[in-house]
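# Coordinates in review
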Amino acid sequence: MGNDQQETFHTLLHAQRVWDVDLPAFDPDAAPGAPLPLFHQWFGEAVAAGQAEPHTMTLATVDEQGRPDVRTLMLHDADERGWHFASHATSAKGRQLAAHPEAAVGFYWAAQGRQIRVRGRVTAGSSTESQADLHARSTGALAAALTGRQSEVLSSRAELAEVSQAAWERAQAEPDAPVPTWTLYVLQPYEVEFFQGDERRQHIRLRYRREEGAWVRELLWP
């Protein structure tokens, strides 16, 4: 990278501003006793605030060497069981979760200066539940799942175009087409943190921690 390009990058980087919006108030003393109701509330408020794609989240896992891996994907549900997402069991994340079934997910909603971090153990849903999850989604999602071979080396874009076209045609003709490797995962939390940004940098961090079957709430230094 040339010096001019590096300097341009630095100029752009340092010109960026954070939370150029009115940040909402958050009283942690009034928060519910469990994290799920607060997540549902904050999600609804993110949607109302115009946050783009609030259902996207970052998923972190570790590979067979214990090296961290991270990617962005879609939240499928959040209920008393945990936070739901899906992928192929044969994908990189699927193989990593099979070997090390613990993960973390993170949400960042810049429209309100909020983050949510969830850590926990991951379990795989049944085949019936996984296929139901897939077939409740769009034709495009089914076509992508039928394309398969996620994370494998691709020989050319032409090969992708050919396989993808065939997958789209099958998805349109067979909306219930099975994809045996498609797996619904549920992250069962033992720790959930809610972060509310503050313009004076007195950020509020409320952590829920599972202890002997109950949730313990505690504030963290920002």
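These numbers come from a predicted model, not from an experiment.

About the cut-offs
- Residues numbered from 1 in each chain as written.
- Predicted model: local features only at pLDDT ≥ 70, side-chain atom pairs only at ≥ 80, totals over all residues.
- Heavy atoms only, no water.
- Salt bridge = Lys/Arg side-chain N within 4 Å of Asp/Glu carboxyl O.
- Buried < 20%, exposed > 50% of the residue type's maximum accessible area, 1.4 Å probe, protein only.
- Helix = DSSP H or I, 4+ residues; strand = E, 2+ residues; numbered from the N terminus.

### Topic: the pattern of salt bridges
Counted under the stated rule, the structure contains 14 salt bridges. Salt-bridge contacts for D63 lead to R67; the nearest nitrogen and oxygen are separated by 2.9 Å. Under the relative-accessibility criterion, D63 is labelled buried at 11%. For R67, a relative accessible area of 48% puts it in the partly exposed group. A salt bridge links E159 to R149; the nearest nitrogen and oxygen atoms lie 3.2 Å apart. Of this pair, E159 sits in helix α6 (residues 157–173) while R149 is found in the loop between α5 (139–147) and α6, placing the two residues ten residues apart along the sequence. A relative accessible area of 23% places E159 in the partly exposed class. Using a relative accessible area of 48% as the deciding quantity, one classes R149 as partly exposed. Connected through salt bridges with shared partners, the residues R207, R209, E211 and E218 form a single ionic network.

Shape is all these values report; function is a separate question.
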